[in-house]
Amino acid sequence: YGEKFSRALDPSFERIALAVPRGRGPVEIRSTSDQRLLATLPASTNLPVYVMEWSADGRFLAVKRDHPPSGMRADWEIWETANWRRILLLRDLPLGAVAFHPRLPRVFLGQRAGAAIWDLESGTEVSRFPLDGTPFWLRFAPDGDRFATLHELRGDWIASVHAVTNPSAAPLASHAFAARLSTCN
């Protein structure tokens, strides 16, 4: 698949999600072994797709549809892969911070000056975490009990770790970097 395609392999490398052509239409799900079309996910809007992310167990797929001109705002589609049903559509979110919980059917999405966890079975927001800035990056710890975030605050880049169980608590750890960070691993 060439440069015109946005693509994401599922965790088992059995399926590939393709935004064809780089964008504004549906997302195709194909078998990696024989390129067979498994599903076509209709677009919620005519915005282009540049980022897609699978949950660790392959049960869910997040599709980011960027608002022009730069993708600093986006609509997120969350799809359940058992029956290829869109279970969540969140419009006009800042940046592109998204993470799936490692064990539970939940997704974590950046919001303005915070982040929110959504339950994918009920389609409801279950937790909201205030942050000093809008997260560029979010990740759950492997046990799902903590999360890390990266956001900008007055020219510094703040990497912090928080407890999932206490949204109002201070970070467990935090560090400010003078240079821009693009991600944390």
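The structure under discussion appears in the preceding block.
Keep in mind it's a predicted model, so treat the numbers as computed, not measured.

Thresholds applied
- Residues numbered from 1 in each chain as written.
- Predicted model: local features only at pLDDT ≥ 70, side-chain atom pairs only at ≥ 80, totals over all residues.
- Heavy atoms only, no water.
- Pairing = 2+ DSSP bridges.
- Helix = DSSP H or I, 4+ residues; strand = E, 2+ residues; numbered from the N terminus.
- Axes fitted to C-alpha atoms, helices over the stretch in contact; angles between N-to-C directions.
- Polar contact = N/O pair within 3.5 Å; in protein donor to acceptor, adjacent residues only side chain to side chain.
- Contact = heavy atoms within 4.5 Å.
- Buried < 20%, exposed > 50% of the residue type's maximum accessible area, 1.4 Å probe, protein only.
- 1 Å grid on protein atoms, 1.4 Å probe; cavity = no way out; pocket = protein on both sides within 12 Å on 5 of 7 lines; lining within 4 Å.
- Points joined across faces, edges and corners; volume = space filled by probe spheres on them.
- Nonpolar A, V, L, I, M, F, W, Y, C, P; charged D, E, K, R; others polar.
- Core = buried A, V, L, I, M, F, W, Y, C linked by side-chain atoms within 4.5 Å.
- Phe/Tyr/Trp six-rings, centres within 6.5 Å; stacked < 30°, edge-to-face > 60°.

Peer 1: Outline the sheet that holds strand β10 (residues 106-111), supporting the account with residue identities and numerical values.
Peer 2: Pairing within the open sheet is antiparallel, and its 4 strands lie in the order β9-β10-β11-β12. Only two strands of the sheet have a single partner each, and these edge strands are β9 (98-100) and β12 (124-130). Within the sheet, the average angular offset between the axes of one strand and its neighbour, ignoring direction, is 20°. Here strand β11 (residues 114-119) runs beside β12; their pairing, made up of 6 bridges, is antiparallel.

Peer 1: Explain the side chain of E28 residue by residue, including any values.
Peer 2: Take E28: it is sitting in strand β3 (residues 27-31). Side-chain polar atoms of E28 contact the side chain of R30, separated by 3.0 Å. Non-local contacts of E28, meaning those with residues more than four positions away in its chain, are made with I16, A17, L18, V20, L37 and A39.

Peer 1: Mind laying out the pairing of strand β2 (residues 15-19), listing which residues take part and the relevant values?
Peer 2: Of all 5 residues in β2, 5 are buried, a share of seventy percent or more. Judged by which residues are buried, β2 turns out to be covered on both faces: R15, A17 and A19 on one side and I16 and L18 on the other are all buried. Sheet topology places strand β1 (residues 6-9) next to β2; 4 bridges connect them, and they run antiparallel. Following the sheet pairing, R7 is matched in β2 by L18. Hairpin geometry of β1 and β2 is characterised by an intervening segment of 5 residues between the two adjacent antiparallel strands and by a positive phi of about 60° at F13.

Peer 1: Tell me about the layout of surface pockets, and name the residues and values.
Peer 2: For the second largest pocket, the calculated volume is near 200 Å³. P130, L131, D132, H162 and P171 are, among the 17 residues lining the second largest pocket, the residues nearest its centre. Looking at the lining of the second largest pocket, the elements that each hand over two or more residues are β12, β14 (146-153) and β15 (156-163). In terms of residue count, the dominant contributor to the lining of the second largest pocket is β15 (4 residues). Classifying every residue of the lining of the second largest pocket by side-chain character gives 11 nonpolar, 5 polar and 1 charged.

Peer 1: Now, about the nonpolar core: what can you tell me, with residues and values included?
Peer 2: Core analysis: the biggest nonpolar cluster contains 15 residues, and I78, L88, F100, V107, L109, W118 and L120 have the highest contact counts within it. Contributions of two or more residues to this core are made by β6 (60-66), β7 (73-80), β8 (85-94), β9, β10 and β11. Counting residues per element, this core draws most heavily on β8, at 4 residues. A19, I29, L61 and W84 belong to the second largest nonpolar core, which has 14 residues in total.

Peer 1: Describe the packing of aromatic side chains, naming the residues involved and giving the relevant values.
Peer 2: This model, assessed by the stated rule, comprises 7 aromatic pairs. Ring centres of W54 and W84 lie 6.4 Å apart, and the angle between their planes is 85°; on these two criteria the pair is classed as edge-to-face. Of this pair, W54 sits in strand β5 (residues 49-54) while W84 sits in the loop between β7 and β8, and the two are 30 residues apart along the sequence. Both residues of the pair, W54 and W84, belong to the buried class. Centre to centre, the rings of F108 and F129 are 5.6 Å apart; their planes meet at 75°, and the pair counts as edge-to-face. In this pair, F108 sits in strand β10 while F129 sits in strand β12, placing the two residues 21 residues apart along the sequence. Since its relative accessible area comes to 0%, F108 is described here as buried. Relative accessible area serves as the criterion here: at 2%, F129 is assigned to the buried category. Among the aromatic residues, ring-to-ring pairing joins F108, F129, F140 and F147 into one connected group.

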